[in-house]
Every structure is written in C-alpha cells, then in structure tokens.
Amino acid sequence: PHLLSQFFFADERVTRVVAEINALDAELDPQQYLVLLNQLHLSQAHLLAVLERIMEECIPTQRHSRDYVVKFPEELLVDNLGNHMLFAAECLLAGTFLEMEESDGAQLRPQARNLLCSLELVRTVLREQSLSQPNSYPEPVRAVLIQFDRLFAEFELSYVSSLVAVKSPDEIYRQQEIIVLFCETVERALHLGYLTQEMIDGYEPLLMFTIPRLAIISGLLIYPEGPLSLERSPEEMSRVFSPFYNLLKKIRDLLRVLSTEELCLLERSLCTAE
C-alpha cells in the first residue's frame, strides 16, 4: 500500500524494459523493438504517475508553480504531457531534435541533461528509501524531490515555448474576460427565467448552444465594454471572436433596433431553438 513500494516495482519495470531494449538488435527484429518501445512508454508513464503522487504526499506545499500551463495551447494539455517531456529530454540528450530547430534543441540540451540526471538521482534515492523505510520521507528525500520538480517545470516551460507560441498575458486576460461574461450571462439568464438551476445541475445538452448565444447578446448589449466590445480593433479582441468582428457589428446593429419585449422574445427563442 505504500507509495514508495509502488515506486520500487514501477522502477523495476522500467529498468527491465530498458535492459531488454539494450540487449536487442533493432535491425534484426524491428517489430519486437517497437513492442519494447511501447512497453517503455507505458512503464515510464506509470513511474511518473506514482512519482507525482509521492510528491503530492511528500512536498505538497513546496511544489514548483505550474501557473504557466494556462499559457499553453489547449491541444497540449493532455494526460501524458509529462511523459512526452521526459521522452523529449532523452531525445535532446541523444542529439535528436524532434519538432524543433537544431539551434533551439542545442540550447535546451543542458536543461534536458539536468532533468534526466535529477530523475536518476530521484530513482536511486526512492529505491533505497523504499527498501529501508517505505512509510517515511526524510529530508534528503524531500530535497531531491523538490529539485526534480523544479527542473521538470523549468524544462517543460522552455520546451513547449520553443515549439509553439504560448499565450501572452493579454491573451490570458481576454480569456478570463470571456469566462466572466459567460458567468454573468448565466446569472442573468437564471434571474430572467431563461434557464433553471436544474438544467445547469443536470448538464442539459441544450446549454452548450444556449449559453454562447445568450453571451453574444449580453456581450454586445448588456456588457458592451467586455470582451465583445466593438470599440476595440479585431486584433485587440480574443481570437475566439476576432474572426467574426464584422458579423458581430451587424448583429449589434440589429439588436439595437429591438424593443425590450422583442429582445426578451428573441432571447427566449434562443433558449429553445436547436
């Protein structure tokens, strides 16, 4: 039941698969080589998952901040991102620059080397601890975990930043503005009786269409200084809305000629139309 014991066996699995790969001639048996590579990927993912749980248990208040993740494109926020980072570090150390320019890879190699050296130290220290006292984390164990956590976060941010354009502070702020607009839209819709709390609590599928529709009206008429403000240039708007700048202007102009009763009728119809 101890996490350190689980780590010991996960580490044993990784070591065994690596030994099998090193003993295999990939050119003579390429199919078996691919099988072992897949096993290595899975065993490393399991090892990292156990290590993550250990850090949450051992150094929960000393973890390196991951706030930078909000800058990453949504398509990168996957469950196996950590395992991909480890694989990328191994490739960089071997001189293979996947998905990036050689100059960028050369700059990242020192970070990759430090990260992998730190991981090896963590594996050694945790294995020894699991064999002696698997239910405690003395200070030397905590120290190597803190160092690994910091190096991993620093490499992750540097590696992703070299591959894709991470969000700027302005883009993150615009995204937060949209979240606020949607929250205020839902609050207003509940107040006016367009939606019910039961629909929200029950994850009514229709809400996926209803709330964005109502948010466009709210953003154009009720909160005109928010993220849908047409006083801004398209470049200053969120990328969610900027491609529809001219269309939004036409919608706003049409909405402005509606009476209060007509606007209410329109909003109610948007809550039922498919």
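Details of the structure are given in the entry above.
Residue positions within a chain follow its written sequence, with the count starting from 1. Confidence filtering applies because this is a predicted model: local features only for residues at pLDDT of at least 70, side-chain atom pairs given and counted only at 80 or more, and all residues used for totals across whole chains, interfaces and linings. Only hydrogens and water are set aside; all other atoms, that is, all heavy atoms of the structure, feed into the side-chain values.

Draft legend 1. Fine view of the overall build of the protein chain. A count of helical and extended segments in the protein chain gives 10 helices and zero strands. Along the protein chain, from the amino end to the carboxyl end, the secondary structure elements read α-α-α-α-α-α-α-α-α-α. For 274 residues, the compact-globule estimate of 2.2 N^0.38 gives 19 Å, and the C-alpha radius of gyration of the protein chain, at 26 Å, exceeds that figure by more than 25%. Dimensions of the protein chain, computed from C-alpha atoms along their principal axes, come out at roughly 75 × 45 × 40 Å. Each residue is assigned to one of three classes by its accessible area relative to the maximum for its type, calculated with a 1.4 Å probe on protein chains only: buried under 20%, partly exposed between the two thresholds, exposed over 50%. Buried positions account for 36% of the 274 residues belonging to the protein chain. Element-wise, carbon and sulfur atoms account for 57% of the exposed surface of the protein chain, whose accessible area totals about 16,200 Å². Each charge class in the protein chain was averaged separately, 23 positive and 41 negative side chains, and the resulting centres sit 2 Å apart. Segments assigned H or I by DSSP are reported as helices when at least four residues long, segments assigned E as strands when at least two residues long, and all are numbered from the N terminus. The globule rule used for comparison is 2.2 Å times the number of residues to the exponent 0.38, while the radius of gyration itself is calculated over C-alpha atoms. Surface accessibility follows the Shrake-Rupley procedure with a 1.4 Å probe radius. Residue values consider only the protein chains on display as shielding. Under the convention used here, Asp and Glu are negative, Lys and Arg are positive, and both His and the chain ends fall outside the count. Throughout, a charge is located at the NZ atom of Lys, the CZ atom of Arg, the CG atom of Asp or the CD atom of Glu.

Draft legend 2. Geometry of the side chain of Glu267. Here Glu267 lies in helix α10 (residues 260-270). In this analysis, two residues are considered to be in contact whenever any of their non-hydrogen atoms come within 4.5 Å of each other. Contact partners of Glu267, with chain neighbours within four places excluded, come to Arg188, Tyr194, Leu214 and Ile217.

Draft legend 3. Examining the nonpolar core more closely. Nonpolar core, defined: a set of buried Ala, Val, Leu, Ile, Met, Phe, Trp, Tyr and Cys residues in which side-chain atoms within 4.5 Å join the residues together. Of all hydrophobic cores here, the largest spans 44 residues; its most connected members are Leu51, Ile54, Leu126, Leu145, Phe148 and Phe155. Those elements that place two or more of their residues in this core are α1 (3-22), α2 (30-58), α3 (81-93), α4 (102-132) and α5 (139-163). Residue contributions to this core peak at 10 residues, all from α5. Phe148 has contacts with Leu51, Met55, Leu115, Ser118, Leu119 and Val122, leaving out every residue within four places of it along the chain. If you look at the next biggest cluster of nonpolar residues, it comprises 14 residues, including Ile217, Leu228, Leu248 and Leu270.

Draft legend 4. Representation of the packing of α3 against α5 in the model. Inter-axis angles, ranging from 0 to 180 degrees, are taken between N-to-C directions of lines fitted to C-alpha atoms, where helices are fitted over the stretch in contact. At a minimum axis distance of 10 Å, the contact between α3 and α5 shows a crossing angle of 80 degrees. As judged from the angle between their axes, α3 and α5 are roughly perpendicular. Only Phe152, Phe155, Glu156, Tyr159 and Val160 of α5 make contact with α3, whose side of the interface consists of Leu81, Gly82, His84, Met85, Ala88, Ala89 and Leu92. Polarity classes work like this: nonpolar for Ala, Val, Leu, Ile, Met, Phe, Trp, Tyr, Cys and Pro, charged for Asp, Glu, Lys and Arg, and polar for all others, with Gly in that last group. Residue composition of the contact of α3 with α5, by class: nine nonpolar, two polar and one charged. These descriptions rest on fixed angle ranges, namely under 35 degrees for roughly parallel, over 145 for roughly antiparallel, 65 to 115 for roughly perpendicular, and the rest for oblique.

Draft legend 5. Main features of the state of the cysteines. Disulfides are defined as cysteine sulfur pairs within 2.5 Å. Going through the model one piece at a time under the given rule, you end up with zero disulfides. Not engaged in a disulfide, the cysteine Cys117 finds its nearest cysteine sulfur in Cys91; these two sulfurs lie 16 Å apart.

Draft legend 6. Representation of the packing of aromatic side chains within the structure. Two aromatic rings, drawn from Phe, Tyr or Trp (for Trp, its six-membered ring), form a pair once their centres lie within 6.5 Å of each other, and the interplanar angle then sorts them: stacked below 30 degrees, edge-to-face above 60, tilted otherwise. Summed over all chains, the structure comprises three aromatic pairs. Look at Phe8 and Phe9: their rings are 5.4 Å apart centre to centre, the planes differ by 90 degrees, and that puts the pair in the edge-to-face class. For Phe8, a relative accessible area of 16% puts it in the buried group. Ring geometry for Phe155 against Tyr159: centres 5.7 Å apart, planes inclined by 25 degrees, an arrangement best described as stacked. Of the two residues, Phe155 and Tyr159 both sit in helix α5, four residues apart, roughly one turn of that helix. The burial state of Phe155 is the same as that of Tyr159; both residues are buried.

Draft legend 7. Structural context of unusual backbone geometry. The phi dihedral of Tyr203 falls on the positive side, at around 50 degrees, and the residue is not glycine. Mapped onto the elements of the fold, Tyr203 is located in the loop between α7 (197-201) and α8 (207-222). Taking the relative accessible area as the measure of exposure, Tyr203 reaches 71% and is therefore exposed.

Draft legend 8. A look at the packing of α1 against α2. Two elements in contact, α1 and α2, have axes whose closest approach is 9 Å; the angle formed by their N-to-C orientations is 160 degrees. In this view, α1 runs roughly antiparallel relative to α2, as classed from their interaxial angle. As for the relative orientation of α1 and α2, their crossing is left-handed in sense. Partitioning the contact of α1 with α2 into residue classes produces 16 nonpolar, five polar and five charged. We call a crossing left-handed when the near helix sits turned anticlockwise from the far one by less than a right angle, and right-handed when that turn is clockwise.

Draft legend 9. Here's a closer look at α10. Among all positions in α10, only Leu263, Glu267 and Leu270 are buried. Down the axis of α10, the buried side of the element spans an arc of 60 degrees, and every buried residue falls inside it. Of the exposed residues in α10, the ones pointing more than 90 degrees away from its buried face are Glu261 and Leu265. Those residues of α10 that are buried are in contact with α6 (169-192), α8 and α9 (245-256). Directions drawn from the helix axis to the C-beta atoms are what define this arc.

Draft legend 10. Region of the structure containing the environment of Arg252. By the element assignment, Arg252 lies in helix α9. Taking relative accessible area as the criterion, Arg252 reaches 13% and is therefore assigned buried. When the C-alpha atoms of Arg252 and Glu12 are compared, they prove to be 63 Å apart, with 240 residues separating the residues in sequence. Excluding anything up to four places from it in sequence, Arg252 contacts Leu220, Leu230 and Glu231.

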